[in-house]
Amino acid sequence: QLLARERRVLHRMLAEALEQLYRSSPTLQEVYLEDLAYHCYEAGMWEQALVYTQEVGEKALTLYAQQAAIEHFTRAVDAEHHLFAPLSPRLYLARGQAYETMGEFESALNDYKLALEAARMAQDHLMEWQSIIAIGFLWTGHDYEQAGDWFRQASKLAERLADPSLH
């Protein structure tokens, strides 16, 4: 029943206290990371929220908690928007992976394409290649012709980059 600004102040106080605990011990980092991410997000502490929600999302992926990963990555995307930061291809690629694992083709495809767009804007050719490969593998379960098109694009990019490990 608190007003939004009162809630934000309380979330900020909790986030700051948790951040002190978080920095004091690796054990406490494991215990409080999710709470820290949540309170930073709710307090509108966007820089910290971006870092912590992305970290929690990655942790959720390693634990095969796909829905939790999606929720945390979505908060990270929201924090990015509040910061007017450029799109993070890694963030969209990771969320796309979680969607793909859950069988949500359209959401995964959308995130992989956003990752590709962000990588191209940042001129991050390795992330561009990874995004194209992810889209190709996603299509293998639906349309081999589409998958082949994406894999050919990845191959051409690998040739342009002259990186034999990408072939």
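Each value, and the rule that gives it
- Residues numbered from 1 in each chain as written.
- Predicted model: local features only at pLDDT ≥ 70, side-chain atom pairs only at ≥ 80, totals over all residues.
- Heavy atoms only, no water.
- Phe/Tyr/Trp six-rings, centres within 6.5 Å; stacked < 30°, edge-to-face > 60°.
- Buried < 20%, exposed > 50% of the residue type's maximum accessible area, 1.4 Å probe, protein only.
- Helix = DSSP H or I, 4+ residues; strand = E, 2+ residues; numbered from the N terminus.
- Lys NZ or Arg CZ within 6 Å of the ring centre and 35° of its normal.
- Expected span 1.5 Å × (residues − 1).
- Contact = heavy atoms within 4.5 Å.
- Core = buried A, V, L, I, M, F, W, Y, C linked by side-chain atoms within 4.5 Å.

**Side note on the packing of aromatic side chains**
For the coordinates displayed, the defined rule picks out three aromatic pairs. With centroids separated by 5.4 Å and ring planes inclined at 80°, the aromatic side chains of tyrosine 41 and tryptophan 46 adopt a geometry described as edge-to-face. Here tyrosine 41 falls in the buried class, since its relative accessible area comes to 16%. Considering the side-chain rings of phenylalanine 105 and tryptophan 139, the 4.9 Å spacing of their centres and the 75° angle between planes classify their relative orientation as edge-to-face. With a gap of 34 residues between them, phenylalanine 105 in helix α6 (residues 105-122) and tryptophan 139 in helix α7 (residues 125-140) connect regions that are remote in the sequence. The pair phenylalanine 105 / tryptophan 139 is uniform in exposure class, with both members buried. Just above the ring of tyrosine 41 sits the side chain of arginine 75; from NZ or CZ to the centre is 5.6 Å.

**With respect to α6**
Taking 1.5 Å of rise per residue, 18 residues should cover 26 Å, and α6 covers 25 Å from first to last C-alpha, within 8% of that figure. Turning to α6, its buried residues are Phe105, Ala108, Leu109, Asp111, Tyr112, Ala115, Leu116, Ala118 and Ala119. Of the surrounding elements, those touching the buried residues of α6 are α5 (89-101), α7 and α8 (144-161). Taken from the residues just after α6, glutamine 123 is the one with a positive phi, measuring 55°.

**Description of the nonpolar core**
One finds Cys40, Tyr52, Tyr112, Trp129, Ile135 and Trp139 to be the most contacted residues of the largest nonpolar core, which totals 49 residues. If you list the elements that add at least two residues to this core, you get α1 (4-24), α2 (26-43), α3 (46-62), α4 (66-82), α5, α6, α7 and α8. In terms of residues, this core owes the most to one element, α7, which gives eight residues. With sequence-adjacent residues up to four places away left out, cysteine 40 is seen in contact with Ala15, Met45, Gln48, Ala49 and Tyr52.

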